[in-house]
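Coordinate inspection notes
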Amino acid sequence: LVYPFAVYFGIQYFSPMFFACILILVALARFCLLTNEKTLSAQLIFVLTVVYSGSIYLFDSENLLLLYPAFISLIMCMLFGASLGQKHTIVERMAIAGGTSITPNMTKYTWRLTAIWSGILLVNTCLSVYLAFYSSREAWAVYTGFVCYVIFGGIFLVEYVYRQYFISKYGP
């Protein structure tokens with residue numbers, strides 16, 4: 001939430017190189033503070049974030065800076081999409097971690113939900129790229145820092161209501 005507005009207000013005072021250093025420090029802190037084992041996904045996200053942020057620093061590129069939300073959305077899209085071919089999708093793993101018992105009906109449900117989120121994240125990536133290149137900084141900041149989160153929240157709410165209906169009709 002903070003990143004787009006920090007870039008929007010800060011780019012007039014700081015170079016993209018400054019933001020790249022902050023991104024690397026935040027990625028390092030986040031990775032070091034992970035209390036559970038550092039999964040392959042967490043390691044991959046860390047490495048990709050450092051490489052991307054290093055590119056921002058190396059090229060001192062405002063465009064790469066503006067593409068960072070699209071980059072994060074694309075990584076999430078790839079994680080969700082890649083899990084569709086695994087025994088348990090990422091949504092199913094989150095449900096299991098939350099204490100939900102998974103039945104065959106719920107396995108199908110979580111697979112479909114993972115596919116839907118993959119599509120949503122891909123659309124978000126495309127919109128974020130478009131806004132980074134073809135819109136004002138204001139429109140980019142409002143969408144990537146606020147609107148997309150409102151949309152995601154609305155989707156979570158609709159899915160929660162539908163999940164309650166699904167469980168009542170088909171069982172957990």
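For every chain, the first residue of the written sequence is number 1, and numbering continues from 1 along that sequence. Where local features are concerned, this predicted model is filtered to residues with pLDDT of at least 70; where side-chain atom pairs are given and counted, the filter is 80 or more; whole-chain, interface and lining totals use all residues. Side-chain numbers come from the whole structure's heavy atoms, not from hydrogens or water.

1. So, the overall build of the protein chain
Helix and strand counts for the protein chain come out as 8 helices and 0 strands. Going residue by residue from the N terminus, the α and β elements of the protein chain occur as α-α-α-α-α-α-α-α. The dimensions of the protein chain, computed from C-alpha atoms along their principal axes, are 55 × 35 × 25 Å. Residues counted as buried form 35% of the 172 residues belonging to the protein chain. We call two residues contacting when some pair of their heavy atoms lies within 4.5 Å. A fraction of 65% describes how many contacts in the protein chain between residues 6 or more apart in sequence connect residues 24 or more apart. When the accessible surface of the protein chain is totalled, it reaches about 10,300 Å², and 72% of it is carbon and sulfur. Counting from the N terminus, the helices are DSSP H or I runs at least four residues long and the strands are E runs at least two residues long. For every residue, the accessible area (1.4 Å probe, protein chains only) is compared with the maximum for its type, and the residue is labelled buried under 20%, exposed over 50%, or partly exposed between those bounds. To measure how exposed things are, a 1.4 Å probe is used in the Shrake-Rupley method; for residues, cover is taken only from the protein chains shown.

2. Some remarks on the side chain of T49
Tracing the chain through its elements places T49 in helix α3 (residues 40-59). If we skip the residues at most four places from it in the chain, T49 touches A27, Y68 and F71.

3. Overview of the packing of aromatic side chains
Only Phe, Tyr and Trp rings are paired, with Trp represented by its six-membered ring, and only when their centres lie within 6.5 Å; those with planes under 30 degrees apart are stacked, over 60 edge-to-face, the remainder tilted. Overall, the coordinates contain 17 aromatic pairs when judged by the stated rule. A centroid spacing of 4.8 Å and a plane angle of 80° characterise the contact between Y8 and F9, whose relative ring orientation is edge-to-face. Consider the rings of F14 and F18, whose centres lie 4.3 Å apart with planes at 20°: the pair is stacked. Judged by its relative accessible area of 39%, F14 falls in the partly exposed class. Through pairs of rings, three or more aromatic residues link up here, namely Y3, Y52, Y68 and F71.

4. Notes on the environment of P69
Among the secondary structure elements, P69 is positioned in helix α5 (residues 68-83). Using a relative accessible area of 16% as the deciding quantity, one classes P69 as buried. If we skip the residues at most four places from it in the chain, P69 touches Y3, W140 and T144.

5. With respect to the packing of helix α7 (residues 104-134) against helix α8 (residues 137-170)
Axis lines are fitted to C-alpha atoms, over the contacting stretch for helices. Their N-to-C directions set the angle, which ranges from 0 to 180 degrees. Contact geometry for α7 and α8: axes closest at 12 Å, N-to-C directions at 165°. Classified by the angle between their axes, α7 and α8 sit roughly antiparallel to one another. Crossing hand, α7 versus α8: right-handed. A breakdown of the residues in the contact of α7 with α8 according to their chemical character gives 20 nonpolar, 4 polar and 2 charged. In what follows, roughly perpendicular refers to angles from 65 to 115 degrees, roughly parallel to angles under 35, roughly antiparallel to angles over 145, and oblique to any angle outside these ranges. Take the far helix as the reference: if the near one is turned anticlockwise from it by less than a right angle, the crossing is left-handed, and if turned clockwise, right-handed. Just so you know the grouping, Ala, Val, Leu, Ile, Met, Phe, Trp, Tyr, Cys and Pro go in nonpolar, Asp, Glu, Lys and Arg go in charged, and all remaining residues, Gly too, go in polar.

6. Looking at the layout of surface pockets
Detection works on a 1 Å grid of protein atoms alone, calling trapped sets that fit a 1.4 Å probe cavities and calling open sets with protein on both sides within 12 Å along at least five of seven lines pockets, with lining residues defined by an atom within 4 Å of a point. Grid points are joined across faces, edges and corners, and a volume is the space filled by probe spheres set on the points. Roughly 1,300 Å³ of internal volume is contained in the largest pocket. Along its surface, the largest pocket is lined by 44 residues, and R30, I45, I72, I75 and M76 are the ones closest to its centre. Those elements that provide at least two residues to the lining of the largest pocket are α1 (2-10), α2 (16-33), α3, α5, α6 (90-97), α7 and α8. Broken down by element, the lining of the largest pocket gets its largest block of residues, 10 residues, from α5. The residue inventory of the lining of the largest pocket, partitioned by class, reads 30 nonpolar, 10 polar and 4 charged. Here the second largest pocket is characterised by a volume of approximately 420 Å³. In terms of lining residues, the second largest pocket is bounded by 19 residues, among which V91, M94, L113, E159 and R163 are the most central. Mapped by element, the contributors of at least two residues to the lining of the second largest pocket are α5, α6, α7 and α8.

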